[in-house]
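Residue-level listing of the chains:
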Amino acid sequence: MPMTKPPSQARRSGPKPDTPGRSEFAAAFLQRNRQYRAAHESLGQNPTTGARSALARKWGLSFRLQGG
């Protein structure tokens, strides 16, 4: 009979492949915010890198890279 990991250890092994990460969760949350949507729409079709960075800083869209 093969040994299996206890449930507590299995939970620590990392997110499931189909589980949204932090950035997807934040994006879904902000898409429902009227002020964020207005700010995002004001960027226009071809926003500059600086404009995108300013919007990201204002709304806290900065995530650490997770090591593999």
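Since this is a predicted model, take the numbers as computed values, not measurements.

Thresholds, definitions, all that
Residues numbered from 1 in each chain as written. Predicted model: local features only at pLDDT ≥ 70, side-chain atom pairs only at ≥ 80, totals over all residues. Heavy atoms only, no water. Phe/Tyr/Trp six-rings, centres within 6.5 Å; stacked < 30°, edge-to-face > 60°. Helix = DSSP H or I, 4+ residues; strand = E, 2+ residues; numbered from the N terminus. Buried < 20%, exposed > 50% of the residue type's maximum accessible area, 1.4 Å probe, protein only. pLDDT = per-residue confidence, 0-100.

Draft legend 1. Seen up close, the packing of aromatic side chains. Overall, the coordinates contain 1 aromatic pair when judged by the stated rule. Taken together, a centroid distance of 5.5 Å and an interplanar angle of 85° make the contact between Tyr-36 and Trp-59 edge-to-face. With a gap of 23 residues between them, Tyr-36 in helix α3 (residues 34-41) and Trp-59 in the segment after α4 (49-58) connect regions that are remote in the sequence. Residue class for Trp-59 comes out partly exposed when judged on its relative accessible area of 21%.

Draft legend 2. Spatial organisation of the environment of Ala-51. One can find Ala-51 in helix α4. Here Ala-51 falls in the partly exposed class, since its relative accessible area comes to 26%. Residues Ala-51 and His-40, 11 residues apart in the sequence, show an inter-C-alpha distance of 9.8 Å.

Draft legend 3. Structural context of the confidence of the model for the chain. Taken over all residues, the pLDDT of the chain has a mean of 76, while the share at 70 or more is 66%. The element-level mean pLDDT for the chain is lowest in helix α1 (residues 7-11), coming to 49, with α3 highest at 93.

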